[in-house]
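A closer look at the structure
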There are 2 protein chains.
Amino acid sequence: MISKKMKEHVKGSSMIRAMFEEGKKMIDLYGADDVHDFSLGNPSTPPPAEINGIINGILKDEKPTFVHGYMNNAGYEDVRETIAKSLNSKYGTSYGAANVIMTVGAAGGLNIILKTLLDPDDEVVVFAPFFGEYRAYTSNYDGKLVVVSANAPDFQPNLAEFAGKLTARTKAVIVNSPNNPTGVIYSEETLEALAGMLREAQEKFGTSIYLLADEPYRELVYDGGFVPFIPKHYENTIVGYSFSKSLSLPGERIGYLVVPSEVADFDDVLSGATVANRISGFVNAPSLQQRTVAKCLDMETDVSGYNKNREALYNGLTEAGYECVKPQGAFYLFVKSPIESDVEFCSLAKKYHILIVPGTAFACPGYVRIAYCVAHETIVASLPKFKKLLEEVR
Amino acid sequence: MISKKMKEHVKGSSMIRAMFEEGKKMIDLYGADDVHDFSLGNPSTPPPAEINGIINGILKDEKPTFVHGYMNNAGYEDVRETIAKSLNSKYGTSYGAANVIMTVGAAGGLNIILKTLLDPDDEVVVFAPFFGEYRAYTSNYDGKLVVVSANAPDFQPNLAEFAGKLTARTKAVIVNSPNNPTGVIYSEETLEALAGMLREAQEKFGTSIYLLADEPYRELVYDGGFVPFIPKHYENTIVGYSFSKSLSLPGERIGYLVVPSEVADFDDVLSGATVANRISGFVNAPSLQQRTVAKCLDMETDVSGYNKNREALYNGLTEAGYECVKPQGAFYLFVKSPIESDVEFCSLAKKYHILIVPGTAFACPGYVRIAYCVAHETIVASLPKFKKLLEEVR
C-alpha cells in the first residue's frame, strides 16, 4: 500500500545503514571488543572541547525565543554573514549573507538544490565511485542519474568518458572531494579540465550546467594536502558543506550551501533553494546549531586520530597483501576485493566480526570501503583478522 | 533555468513568510513599538526555564560522540521508548519505540509520511481552512490535493461534502486540530463520524485511507478544553507531532510521527518512513534536541500568556465590531474580513502597520488570520488601530 517508488527505495535501501544496524546486533551478541564495525562514517574524534562552553554561552546570553525561534528560511542573517566572511578570508572570495543558505546538513543542502534545479528526466552526472545516496536524491526529483565509470587505480574522474556523457539534458554534475569512498582529492588539473568541458557543453547546448561540490570532508586532509576551492575553477559551482565531519556533529544536521552570485540565474536559484528548504519540510537548519557553528568557523579540525588510524590500517593491510588506495582525505580506505565479488567478500568478513561495505554500494564493484573513523584499538585488533580473512579466500 | 515546478512554488510562495519578511523591514523603518506583526506562528512564550539546565546537563553527562552522533534514522531508541511510554500514560495506548519516528518537526514528519504513501495522482483530502503548506507537501510527491470547503461559522469539517470527495484514489486525509488558522478543536462527534465515513470508503473501494493528524497545537488549549486523541477513533491514523509550539522550539525542528501497529501495512509504512527520513536529506531529527525533548515530556505548556492575548484580542475586536471565531486552542484568531476581499483588507491593514494574513492563504477567502503569539503590548497597542481600520472600510 505504500508508494511504488518508496517500495523500491526500501528494497534497495542503503547497504551502509543495514550494516550499521547489523553491527549493533553483533555488539549485543559478542561484545563491543570483538566487533570491528567499519560500516558508517560516524566520527570517532569528539567535537572540539570548546563546544559545550559555546552552547552554554549562547543559551545564557541570547534570548531563548530568538535562539530557538523561527528565522528566515535561509537561516539567521548574522550567521550567514559570518560564514560568508570566513569563506572570503580563506578563499579570497567576496560572498555576503545572500550567498549562503543554512541547511540540514549536506544531505539537506543537496536535496534542496536538486529540487530547485531538476525537471523530470533532467540528467545528473556522477563519477563512480560515489556516495550511493546521490541515486536517491536524484530520484526524489525524478532526475536521471548518469554514471561515469570508475578510474582505477588513482580514482580521479574519468574525463574522457565524462565528455561523452554530457547532453542537452545535463542539469548538474556532482563531485565529492575529498572523496567518499576513496579518500582521493580531485586535483586542480582535473577540475580545470572538467570546467573546460562543462563550459564547452554549455555553449554547445545553450544550457546551464551546475557543478555541485559536495564537501563534507573539506577539512579532513592529511600530509598537508590541498583541496581546491571549486568555484574558483568553474563559475557555475554551488558548494554543499556540512559540519558533520569537521566538527563531529553528524547527528545535529547542520551545514550550508554556497550559491555564488556568478551562477546562472542566481536570483531564481537562491529563492528556489530557500523556498525548497521550507516546503521540503526542513523549514530551516536547526537554530541553536546555526548559532553554534558560527562561533566555530576558525577552529582547526583535529585529524591526528584519523591520521593515526589511516597509517595503521593502510600499512597493516598493505603488509598483509591487500591492495589499497592511500587516502589523501576523508576517513575511508578503499581496498581492492581479493575475490571477484565484493559483496561476497564483505559477507565472509562478517565471520570475523568485521563490518565493511561493498564497493557495489558506490557503483564500484570489486572494491570495499573501510570507514576508519573508529577507536584506534578497533583497527589494531582487526588487523590479524583481516590477515586471516585474506588467507582464507586465497 | 530552475525547474518548472519550483518556479511555480516560488511564484506562489507563502504569503505568511512574505509578511514575516515585510514585518522585519517595517520594524527597521518605524521601530518595533509601532509595528504590529501578527503574521507568523512564532511562539512569544519562552521555552520552559528548565531547558537550559537540561541541555547543559546532557552536554555534561553524555558522551559527545553519542549526543552529536548518528543514530538509527528513526531516532534514538531510548528517546522513542520514552515518548511511547509518555503517550501510553496519557492516552492508555500500548506503543513501543517501534511506533515512534523522530522527525525534523511536524513539517518533516508530514513530508516523510506523504513521500511514503503517495503514488502520483493519489488524492489527499484537506478541510478548508487549512495550513497552506499542505498544498506544497502534497505536490512534492505529485499527489492531488482535494479541498473540502470551509464550514462557517463553527469551522468543524464539512462532512457532508467530505463524503462525496472520497474516491478510489484517496490515499490520505489531513486533519489539524486545534486548527491553524481557526483555533477550533475538532469534536469527538465530528471525528467519530469522519472515521465512519473513512471505514465505509475503505470497504467500498477496497483501499486503505490514512488519516494524518497534524498536531503541533495539541498542548495549546484554553478553558480546560479537550483534544480527542484521534488514533482512538480511527485505526488507520498516523499522528505528526511537533515540540515547536508546546516547548517553544520552532527553530530547532524537532517532532515525531506516531505510527500505531494497527495501521494498514504497518511494517511497510514504518520502514518506508524511516528510509524516507534518510533519503529526503533529513537523515535523522537533530540529535541534541531529541535527547532534550525526551526530558521535557511531562512539562505543562504554559498557555497563560496566550490566553491573556486571546481574551484581549477577541474581546477588543468583537467590541470594535469585528466578527471572530473564539479560539479553543492554538494561538490564532480567525476574523471575518469586513470587506469582501480579505487580500485587500490585509493590504489596508498595513497602512496601520498591522500585519495579518488573508484567509485566501488557507483556502478560505473572506477571513483573515491574526497570530496572537506576540507580546501582550502589541495586542493592546493594536486595538485602537484595528478600530480605526474598521471605521475606514465601513
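So, how was this worked out
- Residues numbered from 1 in each chain as written.
- Chains lettered and ligands numbered in written order.
- Predicted model: local features only at pLDDT ≥ 70, side-chain atom pairs only at ≥ 80, totals over all residues.
- Heavy atoms only, no water.
- Salt bridge = Lys/Arg side-chain N within 4 Å of Asp/Glu carboxyl O.
- Helix = DSSP H or I, 4+ residues; strand = E, 2+ residues; numbered from the N terminus.
- Buried < 20%, exposed > 50% of the residue type's maximum accessible area, 1.4 Å probe, protein only.
- Contact = heavy atoms within 4.5 Å.
- Buried area = accessible area lost by both parts, 1.4 Å probe.
- Polar contact = N/O pair within 3.5 Å; in protein donor to acceptor, adjacent residues only side chain to side chain.
- Nonpolar A, V, L, I, M, F, W, Y, C, P; charged D, E, K, R; others polar.
- Pairing = 2+ DSSP bridges.
- Expected span 1.5 Å × (residues − 1).
- Phe/Tyr/Trp six-rings, centres within 6.5 Å; stacked < 30°, edge-to-face > 60°.
- Lys NZ or Arg CZ within 6 Å of the ring centre and 35° of its normal.
- Axes fitted to C-alpha atoms, helices over the stretch in contact; angles between N-to-C directions.
- Parallel < 35°, antiparallel > 145°, perpendicular 65-115°, else oblique.
- Left-handed = near helix turned anticlockwise from the far one by under 90°.
- Least-squares fit on C-alpha atoms with pLDDT ≥ 70 in both.
- pLDDT = per-residue confidence, 0-100.

Digging into the pattern of salt bridges
Going through the model one piece at a time under the given rule, you end up with 42 salt bridges over all chains. In this structure, aspartate 78 of chain A and arginine 291 of chain A form a salt bridge, with 2.6 Å as the shortest nitrogen-oxygen distance. With aspartate 78 of chain A in helix H5 (residues 77–91) and arginine 291 of chain A in helix H11 (residues 287–293), the pair connects residues that are 213 residues apart, well separated along the chain. Residue class for arginine 291 of chain A comes out buried when judged on its relative accessible area of 7%. For aspartate 142 of chain B, the salt bridge identified is with lysine 5 of chain B, shortest N-O distance 2.8 Å. A residue pair is termed long-range when its members are at least 10 positions apart, and aspartate 142 of chain B in the loop between helix H7 (133–140) and strand S4 (144–148) and lysine 5 of chain B in helix H1 (residues 4–11) qualify at 137 residues. Several salt bridges share partner residues, and in doing so they unite Asp223, Arg310, Glu311 and Lys326 of chain A into one network.

Quick notes on the interface of chain A and chain B
Facing the 82 residues of chain A at the interface are 81 residues of chain B. Between chain A and chain B, roughly 6100 Å² of surface is buried when both sides are summed, and carbon and sulfur atoms account for 54% of that area. Interface area lost by chain A to chain B is led by Met1, His68 and Tyr70 of chain A, which between them contribute 13%. Summed over the shared surface of chain A and chain B, the result is six salt bridges. Measuring nitrogen to oxygen at the nearest pair gives 3.8 Å for the salt bridge that ties lysine 4 of chain B to aspartate 119 of chain A. At the junction of chain A and chain B, the tally comes to 37 residue pairs in polar contact (both at pLDDT 80 or more). Elements with a contribution of two residues or more to the side of chain A that touches chain B: helix H1 (4–11), helix H2 (15–30), helix H3 (51–61), helix H4 (64–67), helix H6 (105–117), helix H7 (133–140), helix H10 (266–279) and H11 of chain A. Broken down by class, the residue content of the side of chain A that touches chain B amounts to 33 nonpolar, 31 polar and 18 charged.

Digging into the side chain of asparagine 158 of chain A
Residue and element names in this part refer to chain A. Considering the arrangement of structural elements, one finds asparagine 158 in the loop between strand S4 (144–148) and helix H8 (159–163). Residue classification places asparagine 158 among the buried residues on the basis of a relative accessible area of 16%. Once you skip the residues sitting within four places of it in the chain, asparagine 158 turns out to touch Phe127, Val148, Ser149 and Asn151.

Some details on the pairing of strand S2 (residues 100–103) of chain B
Residue and element names in this part refer to chain B. Along S2, one buried face is formed by Val100 and Met102 and the opposite face, lined by Ile101 and Thr103, is buried too. Inspection of the sheet shows S2 paired to strand S8 (residues 255–258) by four bridges, in the antiparallel sense. The residue of S8 that forms the bridge with isoleucine 101 is leucine 257.

Notes on H5 of chain A
Residues and elements named next belong to chain A. Taking 1.5 Å of rise per residue, the 15 residues of H5 would be expected to cover 21 Å, and the 21 Å separating its terminal C-alpha atoms lies within 8% of that figure. Within the sequence span of H5, burial applies to Val79, Arg80, Ile83, Ala84, Ser86, Leu87, Asn88 and Tyr91. As for H5, its buried residues are in contact with strand S2 (100–103), strand S8 (255–258) and H11.

As for the packing of aromatic side chains
Inspection of every chain in the model, using the stated rule, returns 37 aromatic pairs over all chains. When the centroid spacing of 5.1 Å and the interplanar angle of 65° are considered together, the rings of tyrosine 306 of chain A and phenylalanine 331 of chain A count as edge-to-face. Highlighted residues: tyrosine 306 of chain A in helix H12 (residues 304–320) and phenylalanine 331 of chain A in the loop between strand S9 (324–325) and strand S10 (332–336), separated in sequence by 25 residues. On the basis of relative accessible area, phenylalanine 331 of chain A is assigned to the buried category, the value being 0%. The side chain of arginine 291 of chain B reaches across the aromatic face of tyrosine 76 of chain B, ending 4.4 Å from its centre. Just above the ring of tyrosine 367 of chain B sits the side chain of lysine 336 of chain B; from NZ or CZ to the centre is 5.5 Å.

Structural notes on the packing of helix H12 (residues 304–320) of chain B against helix H14 (residues 376–393) of chain B
Residues and elements named next belong to chain B. Across the interface, H12 lies against H14 with an axial gap of 10 Å and an inter-helix angle of 15°. Of the possible angle classes, the one that applies to H12 and H14 is roughly parallel. Handedness of the crossing formed by H12 with H14: right-handed. Together, Lys308, Asn309, Ala312, Leu313, Gly316, Leu317 and Ala320 of H12 and His376, Ile379, Leu383, Phe386, Lys387 and Leu390 of H14 make up the contact between the two elements. Grouping the constituent residues of the contact of H12 with H14 by class yields eight nonpolar, three polar and two charged.

Examining the relation of the copies chain A and chain B
Each copy superposes on the other: chain A lies on chain B with an RMSD of 0.0 Å after a rotation of 180° and an axial shift of 0.0 Å. Read as a symmetry element, the transformation amounts to a two-fold axis. For chain A, the residue whose C-alpha comes nearest the rotation axis is asparagine 56 of chain A, separated from it by 3.2 Å. The residues that chain A uses at the interface reappear at the interface of chain B in 99% of cases, marking a shared surface.

Some words on the confidence of the model for chain A
Averaged over every residue, the pLDDT of chain A is 96; residues scoring 70 or more account for 100%. With a pTM of 0.97, the predicted complex shows an ipTM of 0.96.

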